[in-house]
Amino acid sequence: MTAQGMQQGTEGPSAARDANAVIVGVDGSESAEAAVRWAARMCADRNLSLRIIHALNFSPYTYGAPYLDVAGIYDWMEDQGKEVLARAAAVAREVSADLDISTEISTMGGARWLVSLSEDSRALVLGASGSGAAGGIGSTAVNAASHGVCPVVVVHQRDGEVPHEGPVVVGIDGSPTSERATGIAFEEAAQRGVPLVAIHAWSDTPHGTLAGGRSAIRDPRAFEDAEHEVLSERLAGWCERYPDVAVQRELYIDGPRTHLLAWSQKAQLVVVGSRGRGGFRGLLLGSTSNELVQKAQCPVMVVRPERS
């Protein structure tokens, strides 16, 4: 049996890429199980199919490869991978017994495969830390959020549970990517029947830089009026499209990362663009989205720009 580029379905048909499918990556960790539950709930609520994927990781066995039983290791890892997928599918079935589920194994690198699958998927869902993440955010999640084509959700837990109550929160900075994130945030709030909190900070500088006694804002009231107008303009079309979504506007002088992280402690989902107005050209993941992916207290959805 060859390990080159193998992909195998183990439950249900190995479907072609499907814009009505949600992809969830699993590695057997508790974090991945939380991601499966979150993705399964999304699929059940919206009649979407769920694709559970697992990438075999040969990197621990590359040292001394000429002396190893490569075929034996591959067979063992494949068996382990099938067990991981079977457990993940069972977890998804606990959320909804009627889910359309398929499972796949690949030898392609996890992040590279995920990015490839994201090209025509509804969403890509990952746990905040995997079995090899040493308690921190996994590199696969960061890479997927940086390069994924569809929205990428990194599922953080709060107090040991994934929150399913509270508003949807969106960061708005006026950039094209932020505009796309705003539309998706409205859709998420409408689907969940919860309010939307729209966060807008005048400056991307760290919290407190402009808000102190020597603030560059000489007339705070004038600032607030002007920024309220900016935010209202950004929200107007979306409010018309989603009239049933109650919108709470929150304005800050600076520190978008600080405020979004604080709101993640009481939200059920935070939606941000992958790179905002202050990102360097070519930068794939901006400082705000990167920090939320790393430190948020609820699931974070990172939205990439539309492909031209």
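Preceding this section is the structure that the text describes.
Residues numbered from 1 in each chain as written. Predicted model: local features only at pLDDT ≥ 70, side-chain atom pairs only at ≥ 80, totals over all residues. Heavy atoms only, no water.

Let's shift gears to the pairing of strand E7 (residues 168–171). Of the two faces of E7, the one carrying Val168 and Val170 and the one carrying Val169 and Gly171 are both buried. Two elements, E7 and strand E8 (residues 196–201), share four bridges in a ladder whose sense is parallel. Looking at the pairing, Val169 lines up with Val197 of E8. (Buried < 20%, exposed > 50% of the residue type's maximum accessible area, 1.4 Å probe, protein only. Helix = DSSP H or I, 4+ residues; strand = E, 2+ residues; numbered from the N terminus. Pairing = 2+ DSSP bridges.)

Our focus in this paragraph is unusual backbone geometry. Not every positive phi belongs to a glycine, and Asn47 is a case in point at roughly 55°. Relative to the assigned elements, Asn47 resides in the loop between helix H1 (30–46) and strand E3 (49–55). A positive phi angle, near 55°, is found at Asp159, a position not held by glycine.

Moving on to the packing of aromatic side chains. Under the counting rule described, the total for this entry stands at one aromatic pair. Residues Phe186 and Tyr242 carry aromatic rings whose centres are separated by 5.8 Å and whose planes lie at 25° to one another, so their mutual orientation is stacked. One end of the pair, Phe186, is in helix H5 (residues 176–192); the other, Tyr242, is in the loop between helix H6 (220–241) and strand E9 (247–252), and 56 residues separate them in sequence. The buried category is assigned to Phe186, whose relative accessible area is 0%. (Phe/Tyr/Trp six-rings, centres within 6.5 Å; stacked < 30°, edge-to-face > 60°.)

Using the criterion set out here, one finds eight salt bridges in the structure. One salt bridge connects Glu94 with Arg37, and the closest N-O pair in it is separated by 2.9 Å. You can see Glu94 sitting in helix H2 (residues 70–95) and its partner Arg37 sitting in helix H1, a full 57 residues away along the chain. One continuous salt-bridge network, built from bridges that share partners, spans Glu33, Arg37 and Glu94. (Salt bridge = Lys/Arg side-chain N within 4 Å of Asp/Glu carboxyl O.)

What follows is about the nonpolar core. Counting residues in hydrophobic clusters, the biggest one holds 53 residues, and the most contacted among them are Val24, Val26, Leu50, Ile52, Val125 and Val271. In this structure, Leu50 is in contact with Val22, Val24, Ala39, Ala40, Cys43, Ala92, Leu99, Asp100, Ile101 and Ser102, ignoring residues within four places of it in sequence. If you look at the next biggest cluster of nonpolar residues, it comprises 32 residues, including Val142, Val152, Ile199 and Val272. (Core = buried A, V, L, I, M, F, W, Y, C linked by side-chain atoms within 4.5 Å. Contact = heavy atoms within 4.5 Å.)

Here we take up the packing of H1 against H5. Put simply, H1 and H5 touch, their axes get as near as 11 Å, and they point 75° apart. Overall, the two elements H1 and H5 adopt an arrangement that is roughly perpendicular. Between H1 and H5, the residues in contact are Trp38, Met42 and Arg46 and Glu188, Gln191 and Arg192, respectively. Class assignment for the residues of the contact of H1 with H5 results in two nonpolar, one polar and three charged. (Axes fitted to C-alpha atoms, helices over the stretch in contact; angles between N-to-C directions. Parallel < 35°, antiparallel > 145°, perpendicular 65-115°, else oblique. Nonpolar A, V, L, I, M, F, W, Y, C, P; charged D, E, K, R; others polar.)

A few words now on H1. Between its first and last C-alpha atoms H1 spans 25 Å; for 17 residues at 1.5 Å apiece the expected length is 24 Å, and the two agree. When we look at burial in H1, the residues that qualify are Ser31, Ala32, Ala34, Ala35, Val36, Trp38, Ala39, Ala40, Met42, Cys43 and Arg46. Two residues or fewer after H1 comes Asn47, characterised by a positive phi angle close to 55°. (Expected span 1.5 Å × (residues − 1).)

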